[in-house]
Amino acid sequence: MTATLPERWSELLRRVQAEDVDPAPYGRDLLARWAEPQRRYHTTHHLGAVLDRVDELAGYADDADAVRLAAWFHDAVYLPDRSTNEERSARMAERALPEAGVPAATTAEVARLVRLTVSHDPAEGDHNGEVLCDADLAVLAGAPAAYAAYAAAVRQEYGFVPDDLFRAGRADVLRQLLALPRLFRTPVGHDRWERTARHNLGTELELLTA
């Protein structure tokens, strides 16, 4: 039987703790944030999907549990009209994880990884960063119906933006992604997802600019 998100959180925190602190309140707070009403894509479903992809790529990470913690926090703060979500999410991790008994070095790595999701551009050899960014971007390689649902959910999150402005802004994001030499940095992620993701991005860009 697949573990629930609260179970996955508690098991993860127990593995990394240096002090015996009850994981449950921290997990409840995080899951409440991931279930906020303004979210349409950045939901508990996205969190679960990213955690699943981290598990698939875990063998490539230097510290897979730090990456898993970063997945929990990477969109813990999410307001579509703000550009500071990643920074605020990282600061939340820096506050919450020490209280939850997590060592300082792990906390620092989690916060670094959360901040990295601003650019999704880890340095060469940053294996933890490569795993987190690949896991976060894996949605781009979905089947056509799944990718269409993802794109529609993103549009819903930005429902306050007029259509012409959204189309222009979204097109810029897609062009930036397509300009990257590699969308996926891990060997497994690149082999599994690169070609499909580029096809999906290109198709969406064509629809937006038609």
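Our subject is the structure that appears above.
Residues numbered from 1 in each chain as written. Predicted model: local features only at pLDDT ≥ 70, side-chain atom pairs only at ≥ 80, totals over all residues. Heavy atoms only, no water.

**Student:** Explain the overall build of the protein to me, please; I cannot follow it from the model alone.
**Tutor:** Summing up its helical and strand segments, the protein has ten helices and zero strands in all. Element order for the protein, N to C, with α for helix and β for strand: α-α-α-α-α-α-α-α-α-α. Taking 210 residues into account, the globule formula puts the C-alpha radius of gyration at 17 Å, and the protein, at 17 Å, falls close to it. On the principal axes, the C-alpha backbone points of the protein span a range of 55 × 35 × 35 Å. When burial is assessed residue by residue, the protein has 50% of its 210 residues classed as buried. Here the contacts in the protein between residues at least 6 apart in sequence split such that 64% fall between residues at least 24 apart. Per element, the accessible surface of the protein, about 10400 Å² overall, is 54% carbon and sulfur. (Helix = DSSP H or I, 4+ residues; strand = E, 2+ residues; numbered from the N terminus. Rg over C-alpha atoms; globule rule 2.2 N^0.38 Å. Buried < 20%, exposed > 50% of the residue type's maximum accessible area, 1.4 Å probe, protein only. Contact = heavy atoms within 4.5 Å. Areas by Shrake-Rupley, 256 points an atom, 1.4 Å probe, with all protein chains shown as cover.)

**Student:** What's the story with the packing of aromatic side chains in this structure? I'm lost.
**Tutor:** What characterises a pair of aromatic rings is the spacing of the ring centres plus the angle enclosed by the ring planes. Per the stated rule, a full pass over the model turns up seven aromatic pairs. With a centroid separation of 5.2 Å and an interplanar angle of 65°, the aromatic rings of Trp9 and Trp72 are classed as edge-to-face. Pair noted here: Trp9 is in helix H1 (residues 5-16) and Trp72 is in helix H4 (residues 64-73), with a separation of 63 residues, a long-range link. Trp72 carries the same exposure label as Trp9, and that label is buried. (Phe/Tyr/Trp six-rings, centres within 6.5 Å; stacked < 30°, edge-to-face > 60°.)

**Student:** Help me understand the pattern of salt bridges in this model?
**Tutor:** Pairing of side chains with opposite charge becomes possible as their charged atoms draw close. For the structure shown, the criterion picks out 21 salt bridges. One salt bridge in this structure joins Arg8 and Asp55, with 3.2 Å as the shortest N-O distance. A residue pair is termed long-range when its members are at least 10 positions apart, and Arg8 in helix H1 and Asp55 in helix H3 (residues 44-57) qualify at 47 residues. The buried category is assigned to Arg8, whose relative accessible area is 17%. Judged by relative accessible area, which is 38%, Asp55 ranks as partly exposed. Residue Arg14 pairs with Asp20 through a salt bridge whose shortest N-O separation is 2.7 Å. Relative accessible area serves as the criterion here: at 43%, Arg14 is assigned to the partly exposed category. (Salt bridge = Lys/Arg side-chain N within 4 Å of Asp/Glu carboxyl O.)

**Student:** Any chance you could explain the nonpolar core here in plain terms?
**Tutor:** Generally speaking, soluble globular proteins have nonpolar side chains that are buried together. In terms of nonpolar packing, the biggest core is built from 62 residues, with Trp72, Phe73, Leu97 and Val110 touching the most fellow members. The greatest single-element share of this core, amounting to eight residues, is contributed by H4. The contact partners of Val110, leaving out residues within four places of it in the chain, are Ala66, Leu69, Ala70, Phe73, Ala93 and Leu97. (Core = buried A, V, L, I, M, F, W, Y, C linked by side-chain atoms within 4.5 Å.)

**Student:** What is the right way to look at helix H6 (residues 104-116) in this model?
**Tutor:** Spacing of three or four residues puts side chains on the same side of an α-helix, whose turn is 3.6 residues. Over its 13 residues, H6 runs 18 Å from end to end, which matches the ideal 18 Å to within 8%, given 1.5 Å per residue. Of all the residues in H6, the buried ones are Thr106, Thr107, Glu109, Val110, Ala111, Leu113, Val114 and Leu116. In the core, the buried residues of H6 are packed alongside H4, helix H5 (85-99) and helix H7 (127-137). (Expected span 1.5 Å × (residues − 1).)

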